[in-house]
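# Observations on the model geometry
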Amino acid sequence: MMKRFYIWRIKKFVWNQSSGEGRTRMLLKTPLRKVSNNLLLTITGGVWAFYRIAPININSGDTQKKEETKRQFRYFVEQLEKYQDIHLEMLPRQMELEKRNQELEKDFDKSTEKIGCYYNKETARILTKELHQITRDAFYLGVKLKTNIFEQDDTKSMIRNSITSITDIILQLFNLTRDIGDDFFARFDDNEKELYQLVVSMNGTRLTEDELVYINRYSVIHDMQHVIEEESNKRGMLNIMDGIIDPSHQGFIKVITPEGERWLSYVVVNQFGLDMSFTHLFERAQNFSFPIELQLKAQFKSKERVLRKTAMVKTRMKQMTQEKRSTGDDIEDSVKDSRFVLNRLENQLNGENQKFLEWIAAFVITGNSKEECKRRVKQVKRSLGRSQIQCIQPSADQLSLFYKFLHGQPLQFEKNWIQQTTAVGFAEILFGISQQVGNNIGFYLGRTSRYLKNNTIREAVAGSRDLVLFHPFIANKGIEGAMTDSPHISITGETGKGKSFLVKLLLMFLAMLKVKTLYIDPKSEL
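Let us look at the structure shown here. The shown structure was predicted, so the numbers you read here are calculated from the model rather than taken from an experiment.

Before going further, it helps to spend a moment on the nonpolar core. F73, L281, W359, F363, F426 and I429 are the most contacted members of the largest nonpolar core, which totals 56 residues. Not counting chain neighbours up to four residues away, the residues in contact with I429 comprise F73, L88, H280, L281, F282, E283, L296 and W359. I221, I240, M241 and L264 belong to the second largest nonpolar core, which has 39 residues in total.

Below, the structure is given as structure tokens:
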């Protein structure tokens, strides 16, 4: 029997036969049409604005600050209701430690420059060997500014845009597109400025055009070894989406690009416990010893529509309850819980004027091999399951999920894995927080332990990917709550926990820099 296998090119569908016969190709649509600054135009006429969100650094045990962050995020989300569609994502972006070290080396003293450069080079080599990919999680927000640019009120504009739309369809049949000038995006300036005023409250900044290109390219290359600058400079849909994907393996996708190969799997959030409190999806995604993406797309729903649907469900449940009672059967606890949740939802929508969203979230797990990816998928599902977050790895929907989370693709006609929550429940995902410690540029000190207790130091190091960089010249500059911008340092801790070792390390770093050091050591510990 002749064997067949399928390889999907992101622009074209390729069918091969093991007999060596030729290939058959057919066009495959992608959402992206053109980018300009932080705006993205889709082939269906939708316009999205994208922003980078600077994470808030919160200690894992600081519950009070987490709750305050969730309240602020809830208020922010509620103000996005008029835009309908939003896209939240967390990407493990490469740190490019070599470039950071080059900035640090500018402060090296001439007499110790050679030693310092060697130290930095060895540090990068050892960390790359241990971690393979040195990354730091970056947070992004996408908001749909316009659903369809062809929607106009006056008849003349409607006729003109209808002709334009038909022209585009004809061009697509021949694998061609109509060129769009950069001045096209000027019409959205006012809407984008209004949105940007909201995003600033979340520590957001506009993406540059290069950054927007990069996150679109990242949807294909993921955490393959690559140079950010090279990927950011790509232009044109075919270049940005250049790659081949093979979805013929159940539950997995194999991606092949000029940068290399990668296996990946979308693990979808299927169900939460009765109470969504402390769900903290984005925080939990950072707790693994390997890089993970988290993609989330949400859409606001009208209060009237939700109330109608709630009333229908309550009616059906009431009928079920009456049937149970008439036959003498006991009413299941799940039915009682559901009735409680529905009543609570009605009260929130009516009395508290809550906003309501439907959303879908997926963890993107990658690996150098299918076996490595499979092990990581099991670890993610097991870890989240302990927190009553049920995740599944769809066998036949990986390709659909790949396209569902591309930038500019709205949440449409979704039935599976949809979560329905108020803005309060949605805020429990804890978007945009980090446990990063230290500076963006500096000497490598160690890693952040995400757990309150570890059996051994080796276990703590193995369970963390978060590097702590420290530059003595910067110290506490820009640190929230710092009393001064002066580079003063205080080291405290229990006996035998490494204070003296840390001081020796800092003195070694200072010896490499353009600075004179005076230390007083009455106990001769150093």
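All chains considered together, the criterion is met by 22 salt bridges. Measuring nitrogen to oxygen at the nearest pair gives 3.5 Å for the salt bridge that ties D85 to K144. Note that D85 is positioned in strand β8 (residues 85-94) and K144 in strand β9 (residues 135-146), a separation of 59 residues in sequence. Take D85 and K144: they sit in the same class, and that class is buried. E259 is the salt-bridge partner of K234, the closest N and O atoms lying 3.2 Å from each other. Note that K234 is positioned in the loop between α7 (228-232) and α8 (237-240) and E259 in the loop between β12 (253-257) and β13 (260-272), a separation of 25 residues in sequence. Overlapping salt bridges bring together R217, E231, K234 and E259 as one network.

Looking now at unusual backbone geometry. You will see that Q84, though not glycine, has its phi angle at about 70 degrees, which is positive. With respect to the helices and strands, the residue Q84 is situated in the loop between α1 (63-78) and β8. You can call Q84 partly exposed: its relative accessible area is 35%. A positive phi angle, close to 60 degrees, is found at N203, a residue other than glycine. Among the secondary structure elements, N203 is positioned in the loop between α5 (189-200) and β10 (204-206).

All right, on to the packing of aromatic side chains then. As enumerated under the stated definition, the model contains 20 aromatic pairs in all. Pairing F184 with F188 gives two aromatic rings, centres 5.8 Å apart and planes at 65 degrees, and the pair type is edge-to-face. Cluster of aromatic residues (ring-pair linked, three or more members): F73, F76, F139, F272, F282, W359, F426 and F431. Directly above the ring of Y196 sits R206, whose terminal nitrogen or CZ lies 3.8 Å from the centroid.

A few words now on the packing of helix α2 (residues 97-105) against helix α3 (residues 113-131). Direction vectors running N to C along α2 and α3 enclose 160 degrees, while the axes themselves pass 10 Å from each other. Viewed along their axes, α2 and α3 adopt a mutual orientation that is roughly antiparallel. For α2 against α3, the interelement crossing comes out right-handed. When α2 is examined against α3, the residues L97, E98, N101, L104 and E105 are found in contact with a partner set consisting of C117, N120, A124 and L127. Classifying every residue of the contact of α2 with α3 gives five nonpolar, two polar and two charged.

Covered by surrounding structure in β12 are I253, V255 and T257 only, the residues K254 and I256 on the alternate face being uncovered. Across three bridges, strand β11 (residues 244-246) lies against β12 in antiparallel orientation. Bridge pairing links I244 to I256 in β12. Two successive antiparallel strands, β11 and β12, enclose a turn made up of six residues, where G251 displays a positive phi of approximately 85 degrees. Of the strand pairs in this sheet, β12 and β13 are connected by five bridges, and their pairing is antiparallel. Bridge pairing in β13 places K254 opposite W263.

Here I253 lies in strand β12. Overall, the relative accessible area of 0% leaves I253 in the buried class. Not counting residues up to four positions away in its chain, the partners in contact with I253 are I245, D246, P247, R262, W263, L264, Q398, L399 and F402.

Another aspect to go through is the pairing of strand β5 (residues 39-42). Neither face of β5 is left uncovered, since the one carrying L39 and L41 and the one carrying L40 and T42 both have all their residues buried. As judged from the four bridges shared by strand β4 (residues 32-36) and β5, these two strands associate in the antiparallel manner. Each residue of the ladder has a partner; that of L32, found in β5, is T42. Connecting the antiparallel pair β4 and β5 is a turn made up of two residues, with N37 showing a positive phi of about 55 degrees. With three bridges joining them, β5 and strand β6 (residues 47-53) adopt antiparallel strand pairing. In the strand pairing of β6, L40 is matched with W48. Linking β5 back to β6 in an antiparallel pair, the connection comprises four residues, with G45 at a positive phi of about 95 degrees.

Definitions and limits used
- Residues numbered from 1 in each chain as written.
- Predicted model: local features only at pLDDT ≥ 70, side-chain atom pairs only at ≥ 80, totals over all residues.
- Heavy atoms only, no water.
- Core = buried A, V, L, I, M, F, W, Y, C linked by side-chain atoms within 4.5 Å.
- Buried < 20%, exposed > 50% of the residue type's maximum accessible area, 1.4 Å probe, protein only.
- Contact = heavy atoms within 4.5 Å.
- Salt bridge = Lys/Arg side-chain N within 4 Å of Asp/Glu carboxyl O.
- Helix = DSSP H or I, 4+ residues; strand = E, 2+ residues; numbered from the N terminus.
- Phe/Tyr/Trp six-rings, centres within 6.5 Å; stacked < 30°, edge-to-face > 60°.
- Lys NZ or Arg CZ within 6 Å of the ring centre and 35° of its normal.
- Axes fitted to C-alpha atoms, helices over the stretch in contact; angles between N-to-C directions.
- Parallel < 35°, antiparallel > 145°, perpendicular 65-115°, else oblique.
- Left-handed = near helix turned anticlockwise from the far one by under 90°.
- Nonpolar A, V, L, I, M, F, W, Y, C, P; charged D, E, K, R; others polar.
- Pairing = 2+ DSSP bridges.

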